[in-house]
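Residue-level structure breakdown
The residues making up each chain are set out below.
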Amino acid sequence: MMLIIAATFIWAGSALTQCEEIYLKGYVIDTVKNQGFYNLMVINVTTQQGVFGRPNGEFSVYVRPKDKIAFSVKGYGKKFIEIPKQDRCAIDTVVYLSPNIQKIEEVTVYPIKSLDKIKEEREALSRRETRTVTGVDMLKSPITALYERFSKKAQSKRLVAEMEHQDNINLVVKELIRVYVSFDVVHLEEDQFVGFINFLNIDEHFLKTASDYELIVYIKDKLDHYKSLHPYLFD
């Protein structure tokens with residue numbers, strides 16, 4: 001009887017020491033050749049959240065017991081691991097990925113920009129200025145000011161500037177979506193980009209200031225909404 005009680009306390013004590021949050025870190029290695037991974041994505045399938053790995057294949061992320069983790073690299077087969085219950089709050093591991101070898105039809109290849117490069121383009125978004133007369137200049141030249149305000153030519157110039165600016169925004173968003181598609185974060189065909197981007201109608205300030213993670217969450221949520229409204233486009 002005493003042995004049973006002692007065993008019960010030992011089991012209860014070990015259960016209490018099991019970690020609720022575990023620091024998972026390690027490296028991804030190519031099984032064929034030694035190389036870096038510039039598009040490594042570590043995805044928590046259970047929580048539907050993901051982080052980007054480092055170019056040398058190193059990664060780190062916080063997970064919970066029973067979480068299913070996927071390692072995704074464009075051109076490689078996915079690798080999945082399940083986090084076990086344990087009393088150690090850190091796991092150091094090595095993940096081996098094998099490249100996909102398959103025969104495919106000819107496709108159009110779009111260059112994938114780095115997230116850092118796209119972030120620079122996001123932050124640099126600005127509307128091309130058109131000539132306007134305000135303040136002191138307006139007092140000095142009221143006729144010019146009135147002309148700038150009401151002339152069709154000036155209005156056309158402003159409209160062109162606004163259209164060019166919107167095109168620049170759409171191009172940056174398109175590059176972002178291409179990156180997310182390459183990481184398997186979202187699933188969208190190239191010919192579906194324009195319709196979704198028009199639906200997205202992303203706020204310029206948010207596009208310029210949001211973090212990579214905030215943009216991923218926002219675009220994934222909007223894509224789910226878009227697909228629910230237009231299921232026939234994704235049959």
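Quick caveat: nothing in here was measured; it's all calculated off a predicted structure. (Residues numbered from 1 in each chain as written. Predicted model: local features only at pLDDT ≥ 70, side-chain atom pairs only at ≥ 80, totals over all residues. Heavy atoms only, no water.)

Concerning the sheet that holds strand S1 (residues 22-30)
- Within the open sheet, the three strands sit side by side as S4-S1-S7. Their pairing is mixed. Two strands bound the open sheet, and with one partner strand each, they are strand S4 (58-63) and strand S7 (90-97). Direction aside, neighbouring strands of the sheet carry axes that sit 25° apart on average.
- Relative to S4, S1 runs antiparallel, the two being bridged by six bridges. Looking across to S4, one finds that Tyr23 is bridged to Tyr62. (Pairing = 2+ DSSP bridges. Helix = DSSP H or I, 4+ residues; strand = E, 2+ residues; numbered from the N terminus. Axes fitted to C-alpha atoms, helices over the stretch in contact; angles between N-to-C directions.)

Focus: the confidence of the model for the protein
- Per-residue confidence for the protein averages 76 on the pLDDT scale, and 70% of its residues sit at or above 70.
- Below pLDDT 50 for its whole length, residues 1-15 participates in zero contacts with residues either more than four positions away or in separate chains.
- Considering only residues more than four positions removed or in separate chains, one finds that residues 128-139, a stretch of pLDDT under 50, has 14 contacts. (pLDDT = per-residue confidence, 0-100. Contact = heavy atoms within 4.5 Å.)

Looking at the environment of Pro84
- Take Pro84: it is sitting in the loop between strand S6 (79-82) and S7.
- Linking Pro84 and Pro65, residues 19 residues apart in sequence, is a C-alpha distance of 5.3 Å.
- Residues within four places of Pro84 in sequence aside, it is in contact with Ile22, Pro65 and Ile91.

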